[in-house]
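What follows is each chain in one-letter form.
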Amino acid sequence: MALWNGRFRKPLHPRALRFSSSLHVDRRLFREDIAGSIAHVRMLAQQKIIPSGDATKIQRALRQIEREIAAGKLSFDIQKKNGRFVAEDIHMAIEERLIANVGSIGGKLHTARSRNDQIALDERLYLRKAIDAILKALRRLQRAYIIKAERYKSVIVPGYTHLQRAQPILLAHHLLAYVSMLERDHERFCDCMKRVNRSPLGAGALAGSSFAIDRAAVARSLKFDGIIENSIDAVSDRDVQIEFLGACAITMMHLSRFAEELVLWSTDEWNFAEIGDAFTTGSSIMPQKKNPDMAELVRGKTGRVYGDLVSLLTVMKGLPLAYNRDMQEDKEPLFDAADTLKECLDVFTAMMKTVKFDRERFEGESDFLLATDLADYLVRKGMPFRKAHATVGAVVSDCIEQGISIPELPLKIYRKHSKLFSSNLWKIFHLRASIYQKKSAGSTSPKEVEKALLRWKKRIRRA
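Residues numbered from 1 in each chain as written. Predicted model: local features only at pLDDT ≥ 70, side-chain atom pairs only at ≥ 80, totals over all residues. Heavy atoms only, no water.

(A) Main features of the packing of helix α13 (residues 371–380) against helix α14 (residues 385–402). Where α13 meets α14, the closest approach of the two axes is 9 Å, and the angle between their N-to-C directions is 135°. Relative to α14, α13 is oriented oblique. In the crossing of α13 with α14, the sense of the turn from one axis to the other is right-handed. Seen from α13, the contacting residues are Ala371, Leu374, Ala375, Asp376, Leu378 and Val379; seen from α14, they are Phe385, Ala388, Thr391, Val392, Val395 and Val396. Counted by class, the contact of α13 with α14 contains 10 nonpolar, one polar and one charged residues. (Axes fitted to C-alpha atoms, helices over the stretch in contact; angles between N-to-C directions. Helix = DSSP H or I, 4+ residues; strand = E, 2+ residues; numbered from the N terminus. Parallel < 35°, antiparallel > 145°, perpendicular 65-115°, else oblique. Left-handed = near helix turned anticlockwise from the far one by under 90°. Contact = heavy atoms within 4.5 Å. Nonpolar A, V, L, I, M, F, W, Y, C, P; charged D, E, K, R; others polar.)

Next up, the structure:
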């Protein structure tokens, strides 16, 4: 018989219990559940709601149960015991074990508390740990990008828009773009932490408690910044979980984009990057293959994390206040997204350390990468940019018809398009000259990239 079964004449059907049990999922919250219970029972004693001696026995027993669970000595299966099924969830499993250890005084633990505020607390304690681990993992990946950018800071590559060659850039500038993206991801998780770090405990089922509990004292003992003041809100929303999943999804999107680039760059068609053997696989039939499987898996797992976000949004979208059992379904997407993101960050960081880039791959391949520089050349001679754009477009069209690049087009053909073209034209036809010409803050110029590297190294070192 379950601990809540007093008003029922028949026990829950075994099939219904198996269907409704969350023990296989929420068992991983045992540390958080016990930490919350210890803080709660200590407060009950301080408020003289239960005897201090009982509170001491309960705390001691809870710590013993935590050691048993950590050592794998306590089974979490839904068991049939003395003709009745027990252990509906981790909260009930721990409480059952507590009562078995200390007798009826174990039942005092749940005074002024509901499973509704209990699980809301457990999840927030879990999220604090998960966010902390993700923040550290983000910093490690940023360092890996920065180290790689430093190593290849003089390498020129085509910058792309629409996956078409656009303008020459430094590879370091490209890599540092991801450092910036990951910094915003870091900020999102930090910001999410502000809303996570509020205690719901003491809200009860939804209406609070008739006992003179001290919610603020419990919050302080668990290192929360304060309490969620409205008792209904405390137990009926999962917005911080959804916010966390949103941050996970955005971070995975950023990882997926670079994973896609690694997949492309490591093809024979690009032939620009090589991923280390330890993060690639072969083919069961084609001996020559070296497949970027880890990058592809990160790209694939991104959809999985998106699904976790949509899953919880869908669970919550039609629920009336306050608690509904639907909300039990929040844990699987929450745990899955946290685990998946952390693993992807760790794998990506290790993989990045093995990636090698071909320093000479794009040297001399100017084709039409300097078209914008050509338009700027005309602008500096007084031509309005829109006219310069059209003029250079016509030049490019001539080059395409003749099958040559813009540096190969004769000056007399240039002068047919504009008399502003002169013999000093060819000084701009160098990729490195184009890069050095950039003057705006945050551009791909070596000076700006060097400043960015120094800035990022200082920022990440302080973190």
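The rest of the description comes next.
(B) Structural context of the side chain of Ser445. Inspection of the secondary structure assignment puts Ser445 in the loop between α16 (431–437) and α17 (446–462). Given the relative accessible area of 5%, Ser445 is considered buried. Setting aside residues no more than four positions away along its own chain, Ser445 makes contact with Leu170, Ile435 and Lys438. (Buried < 20%, exposed > 50% of the residue type's maximum accessible area, 1.4 Å probe, protein only.)

(C) View of the nonpolar core. Tyr145, Phe189, Phe244 and Phe348 are the most contacted members of the largest nonpolar core, which totals 101 residues. Setting aside residues no more than four positions away along its own chain, Phe348 makes contact with Leu141, Tyr145, Leu255, Phe258, Ala259 and Val298. The next biggest cluster of nonpolar side chains, apart from the first, holds 32 residues, and it includes Met43, Ala61, Ile69 and Leu98. (Core = buried A, V, L, I, M, F, W, Y, C linked by side-chain atoms within 4.5 Å.)

(D) Up close: the packing of helix α6 (residues 115–151) against helix α7 (residues 171–196). Axis separation between α6 and α7 bottoms out at 9 Å; the angle between their running directions is 165°. Between α6 and α7, the angle is such that the two are roughly antiparallel. The hand of the α6/α7 crossing is left-handed. Its residues placed into classes, the contact of α6 with α7 shows 20 nonpolar, two polar and eight charged.

(E) Quick look at the side chain of His91. With respect to the helices, strands and loops of the structure, His91 is situated in helix α5 (residues 90–102). A polar contact is formed between the side chain of His91 and the side chain of Asp33, at a distance of 2.7 Å. What His91 contacts, discounting residues up to four positions off in sequence, is Asp33, Arg115, Gln118, Ile119 and Asp122. (Polar contact = N/O pair within 3.5 Å; in protein donor to acceptor, adjacent residues only side chain to side chain.)

(F) How the structure looks around the pattern of salt bridges. Counting across every chain of the model gives 31 salt bridges. Across the pair Arg325 and Glu88 runs a salt bridge, and its minimum N-O distance is 3.3 Å. Of this pair, Arg325 sits in the loop between α11 (293–316) and α12 (331–352) while Glu88 sits in the loop between β2 (84–85) and α5, placing them 237 residues apart in sequence. Judged by its relative accessible area of 7%, Glu88 falls in the buried class. Each of Glu88, Asp89, Arg115 and Arg325 takes part in one network of salt bridges that share partners. (Salt bridge = Lys/Arg side-chain N within 4 Å of Asp/Glu carboxyl O.)

(G) Spatial organisation of the environment of Asp339. Counting through the fold element by element, Asp339 comes out in helix α12. Accessibility expressed as a relative area gives 37% for Asp339, which makes it partly exposed. Each C-alpha atom of the pair Asp339 and Lys387 lies 54 Å from the other, and the pair is 48 residues apart in sequence. The contact partners of Asp339, leaving out residues within four places of it in the chain, are Arg28 and Tyr126. Side-chain polar atoms of Asp339 contact the side chain of Arg28, separated by 2.8 Å.

(H) Up close: the packing of aromatic side chains. Per the stated rule, a full pass over the model turns up 18 aromatic pairs. On the numbers, 4.8 Å between centres and 70° between planes, the contact of Tyr126 with Phe335 is edge-to-face. Taken together, the residues span a long stretch of sequence, with Tyr126 in helix α6 and Phe335 in helix α12 at a distance of 209 residues. Both residues of the pair, Tyr126 and Phe335, count as buried. Residues Tyr152 and Phe357 carry aromatic rings whose centres are separated by 5.2 Å and whose planes lie at 85° to one another, so their mutual orientation is edge-to-face. On the criterion of sequence distance, the pair formed by Tyr152 in the loop between α6 and β3 (156–161) and Phe357 in strand β6 (residues 356–357) is long-range, its members being 205 residues apart. Each of the two residues, Tyr152 as well as Phe357, counts as buried. Feature note: the residues Tyr145, Tyr152, Tyr178, Phe258, Trp265, Phe272, Phe348, Phe357 and Phe362 constitute an aromatic cluster, connected by ring pairs. Across from the ring centre of Phe224, 4.5 Å away, lies the NZ or CZ of Arg128, which sits over that ring. (Phe/Tyr/Trp six-rings, centres within 6.5 Å; stacked < 30°, edge-to-face > 60°. Lys NZ or Arg CZ within 6 Å of the ring centre and 35° of its normal.)

(I) Structural detail: unusual backbone geometry. Look at the link from Leu321 to Ala322: it is a cis peptide, with omega at 10°. By the secondary structure assignment, Ala322 is in the loop between α11 and α12. For Ala112, which is not a glycine, the phi torsion comes out positive at approximately 60°. With a phi angle near 60°, Leu163 is a residue other than glycine that sits in the positive phi range.

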